[in-house]
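Spelled out, the chains give:
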Amino acid sequence: MNMKTLCSSVLVFLLFSINVFAQREERKLIDDGNTEYKTGKYNEAEILYRKSLEKNRESEIANFNLGDALYKQGKFEDAANIFNGIAGKTTDKDLKSKAYHNLGNSLLKTEKYQESVNAYKNSLKNNSQDDETRYNLAYAMSKLQQQQQQQNQQNQDKKDEKQDKQEQQKQDDKKSN
């Protein structure tokens, strides 16, 4: 074996070893994050998931768990961004369904009912058997309907108020003439 081949073999071995070590470190950070999450230490879990993502930005598990940790801390918009990103990238139908489901939950918490309905529908497209998503979809649809009724009532109130002012102005004009 010549020196060039030996050096190339050693380099390939070292690169492989570094990659394996990085994967183990990433997995350990995720596992540690999961431990913190299970004990309700969501901020600590978030930190560990973010550290894991420094090792592998594309880790669907770390991203999904980060979204969950953010949600549990009430950071609903940040969680929604994470879940939206996962849903848009993954080819795993089960993960896509869960990401859309959690996206729907995050949007529901921020009272973005139409977007929440859309997310739940996308979840069901990927897993039509999910009863929890079906329930959440019905709930989001009822909240959307309430929101629309309130908006309609507010619009009607403004219209009525404007008409009342116009009528009052007409009466005032007649009295002054």
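Here goes a summary of the coordinates provided. The structure presented is a predicted model; accordingly, all values stated were derived computationally and were not measured. (Residues numbered from 1 in each chain as written. Predicted model: local features only at pLDDT ≥ 70, side-chain atom pairs only at ≥ 80, totals over all residues. Heavy atoms only, no water.)

Focus on helix α2 (residues 42-55)
Move 1: Here α2 contains 14 residues, and its C-alpha end-to-end distance of 20 Å stays within 8% of the 20 Å for a straight helix at 1.5 Å per residue.
Move 2: When we look at burial in α2, the residues that qualify are A45, E46, L48, Y49, S52 and L53. (Helix = DSSP H or I, 4+ residues; strand = E, 2+ residues; numbered from the N terminus. Expected span 1.5 Å × (residues − 1). Buried < 20%, exposed > 50% of the residue type's maximum accessible area, 1.4 Å probe, protein only.)

Topic: the environment of K125
Move 1: Mapping K125 onto the fold places it in helix α6 (residues 113-126).
Move 2: Judged by relative accessible area, K125 falls into the exposed class, the value being 64%.

Observations regarding the pattern of salt bridges
Move 1: One pass over the structure, following the stated rule, counts seven salt bridges.
Move 2: Here K55 ties to E25 by a salt bridge, and the two come within 3.3 Å at their closest N and O atoms. Here E25 lies in helix α1 (residues 3-38) and K55 lies in helix α2, a separation of 30 residues in the sequence.
Move 3: Across the pair E46 and R50 runs a salt bridge, and its minimum N-O distance is 2.9 Å. (Salt bridge = Lys/Arg side-chain N within 4 Å of Asp/Glu carboxyl O.)

Focus on the packing of α2 against helix α3 (residues 60-72)
Move 1: Their axes nearest at 9 Å, the elements α2 and α3 cross at an angle of 155°. Taken together, the axes of α2 and α3 are roughly antiparallel relative to one another. The two elements α2 and α3 meet at a crossing, and its hand is left-handed. Taking contact as the criterion, the partners of Y42, A45, E46, Y49, R50, S52 and L53 in α2 are, on α3, A62, N63, N65, L66, A69, L70 and K72.
Move 2: Tallied by class, residues from the contact of α2 with α3 come to eight nonpolar, three polar and three charged. (Axes fitted to C-alpha atoms, helices over the stretch in contact; angles between N-to-C directions. Parallel < 35°, antiparallel > 145°, perpendicular 65-115°, else oblique. Left-handed = near helix turned anticlockwise from the far one by under 90°. Contact = heavy atoms within 4.5 Å. Nonpolar A, V, L, I, M, F, W, Y, C, P; charged D, E, K, R; others polar.)

Concerning the nonpolar core
Move 1: Residues Y49, L66, F83, I86 and L103 are the most contacted members of the largest nonpolar core, which totals 21 residues.
Move 2: For this core, the secondary-structure elements that each account for two or more residues are α2, α3, α4 (76-89) and α5 (93-109).
Move 3: With six residues, the top contributor of residues to this core is α4.
Move 4: Not counting residues within four places of it along the chain, the set of residues in contact with F83 comprises F64, G67, D68, A99, N102, L103 and S106.
Move 5: Ranked by size, the runner-up nonpolar core spans eight residues in total, among them Y113, V117, Y120 and A140. (Core = buried A, V, L, I, M, F, W, Y, C linked by side-chain atoms within 4.5 Å.)

A short note on the packing of α5 against α6
Move 1: α6 packs onto α5 with a crossing angle of 165° between their chain directions and a minimal axis gap of 8 Å. Judged by the angle between their axes, α5 and α6 are roughly antiparallel. Our pair here, α5 against α6, has a crossing hand that is left-handed. Along its contact with α5, which presents K93, K96, S97, Y100, H101, L103, G104, N105, L107 and L108, the element α6 presents Y113, E115, S116, A119, Y120, N122, S123, K125 and N126.

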